Amino acid sequence: MVLLHVLFEHAVGYALLALKEVEEISLLLPQVEECVLNLGKFHNIVRLVAFCPFSSSQVALENANAVSEGVVHEDLRLLLETHLPSKKKKVLLGVGDPKIGAAIQEELGYNCQTGGVIAEILRGVRLHFHNLVKGLTDLSACKAQLGLGHSYSRARVKFNVNRVDNMIIQSISLLDQLDKDINTFSMRVREWYGYHFPELVKIINDNATYCRLAQFIGNRRELNEEKLEKLEELTMDAAKAKAILDASRSSMGMDISAIDLINIESFSSRVASLSEYRQSLHTYLRSKMSQVAPSLSALIGEAVGARLIAHAGSLTNLAKYPASTVQILGAEKALFRALKTRGNTPKYGLIFHSTFIGRAAAKNKGRISRYLANKCSIASRIDCFSEVPTSVFGEKLREQVEERLSFYETGEIPRKNLDVMKEAMVQAEEAAAEITRKLEKQEKKRLKKEKRRLAAIALASSENSSSTPEECEETSERPKKKKKQKPQEAPQENGMEDPSVSSKPKKKKSFSKEELVSDLEETAGSGCLTKRKKSFPKEEPDSDPEESGNKRVPKKKRKFSSKEEPLSTGPEEAAASKNSSSKKKKKLRKLSQEN
């Protein structure tokens, strides 16, 4: 009896399940569909044999990529070899993806089955998986699926930024649309301004130049010799500028109002700006094509190569196409119409816009288009799968197409493909080595800049850390000074001011530098003391022990009732100031005697 096992891949890990009643299940498919929805009946059919959880989200992403690519991961190999029976002929493994089934059968030797009953069983396992595995809730399973889905999609979308072909597809589509719009708007400007100056249409053929001239000329009656130099700059031709000036003097156009002329000039400026944007977009497309598909753009041109990539959907899809498909790419309607009517199939599609087919004779157009499609297919594969993009192969392939054209015209035998590719390989290796050297230099410069930036950040952080303690000390000292000044204004409990407290602010007000100098002259009378006039105010708080004692007094007498108000007693303040001045004079006399 064959043992049927089912492999189920989930965001949290691999699960291996064994099925009971294999023969009945294989025959009674409707009963299986009914049992899937009922958990009790489903438990009677399916039994969990082993569960291998993923250790991290990165491991889960690696396993998901391996399963999508049809590769057997080491975790999956270990699970199957450990828990499946050793007799491989008696084991039938059911899987959901035929690619991973073929890989398991090739590498491990187990017979794999997909579809039919296996799809219904996997549907039931997916529905009741959180009930089959112990410790797994429905919420955690949904979160794991959501996280793995986001990371898987991000990994699929995240390619090399410099080699993204999506920008090429959008650029060439916008370029084609701009060409149509600019042509339509230019015809509108020609028709609108032609009522006023009809002769200008015959002189100027370029649409963008016509719009610029319509914006510059405005009213043709105001055109004179002074504007001839500017006309030559716009037309890039002195003869055309002179013809425009002569035509404006003898024009048969109707007169136009100022408001109509303003609208015409505004519309002409818009069309001219659109044509300038079209040129910048074409430059951008050329730069992107040189990065993404340098060989294809060197062979067939940037515009035609971009249209081939856009029509195929991506550079990878274009590389997968055979040369016969590339040849008629863009001529699908003509191909199916020819197949339906049994007529002649088209010889070329988008590659008709290349210069090679236009240069070939009528009888050789089909032959050169087939040869060119072959070389385009080779160039697209080189661009898609080469690690270092280079245009060497495209230039060599272009030389081969040129030689084939000359062979059709003159009969000169071209070089063999093997010899050309050998030369291209040598040149490509040299170009790749030069590119790698440039990249290494750029990386070194970037690392040096990064080191300098980190060193500057570290230096700035060290300076900030050294300056912060000083700032903290300054901020801690400032409130202390404020606290010392507050109690000087507070009154005592008995409504009288303390003379020791009131003497401190009065000291700063009553003693100025001039008074100190006069006191010194009276007491000492000698010029030696005048040299220390500036140092006396600084030494006062250190030398006077009574004042230092007075500074501590307000801390004890800070608690006062809010109803009490300070009383101003004039005689007491005068007495306090006299006491302080007498103390000052005694101190100055002591210092003069010591000197």
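Described below are features of the structure shown in this document. The shown structure was predicted, so the numbers you read here are calculated from the model rather than taken from an experiment. (Residues numbered from 1 in each chain as written. Predicted model: local features only at pLDDT ≥ 70, side-chain atom pairs only at ≥ 80, totals over all residues. Heavy atoms only, no water.)

1. Brief notes about unusual backbone geometry
Item 1. If you check the backbone angles, Met236 has positive phi at about 60 degrees while not being a glycine.
Item 2. Considering the arrangement of structural elements, one finds Met236 in the loop between helix H13 (228–235) and helix H14 (238–249).
Item 3. Judged by relative accessible area, Met236 falls into the exposed class, the value being 71%.
Item 4. In the Ramachandran plot, Arg342 falls in the positive-phi region, its phi being about 60 degrees despite a non-glycine side chain. (Helix = DSSP H or I, 4+ residues; strand = E, 2+ residues; numbered from the N terminus. Buried < 20%, exposed > 50% of the residue type's maximum accessible area, 1.4 Å probe, protein only.)

2. Concerning the pattern of salt bridges
Item 1. Summed over all chains, the structure comprises 18 salt bridges.
Item 2. Residues Arg123 and Glu120 are paired through a salt bridge, measuring 2.7 Å at the closest nitrogen-oxygen approach. With Arg123 and Glu120 both in helix H7 (residues 117–127) and three residues apart, this pair spans about one turn of that helix.
Item 3. You can call Arg123 partly exposed: its relative accessible area is 36%.
Item 4. Relative accessible area serves as the criterion here: at 16%, Glu120 is assigned to the buried category.
Item 5. Ionic pairing is found between Arg446 and Glu443, a salt bridge with its closest N-O pair at 2.5 Å. Of this pair, Arg446 and Glu443 both sit in helix H24 (residues 417–489), separated by three residues, roughly a single helical turn.
Item 6. Owing to a relative accessible area of 44%, Arg446 belongs among the partly exposed residues under this scheme.
Item 7. Overall, Glu443 belongs to the partly exposed group, its relative accessible area being 36%.
Item 8. The structure contains a network of salt bridges with shared partners spanning Lys396, Glu399, Glu403, Arg415 and Glu423. (Salt bridge = Lys/Arg side-chain N within 4 Å of Asp/Glu carboxyl O.)

3. Concerning the packing of helix H12 (residues 207–217) against helix H15 (residues 258–292)
Item 1. Look at H12 against H15: their axes get within 8 Å of each other, and the N-to-C directions meet at 145 degrees. The way H12 lies across H15 gives a crossing that is left-handed. Contacts from Ala208, Cys211, Arg212, Ala214 and Gln215 in H12 reach Glu265, Ser268, Ser269, Val271, Ala272, Ser275 and Glu276 in H15. (Axes fitted to C-alpha atoms, helices over the stretch in contact; angles between N-to-C directions. Left-handed = near helix turned anticlockwise from the far one by under 90°. Contact = heavy atoms within 4.5 Å.)

All quantities given are derived from atomic positions and should not be read as evidence of function.
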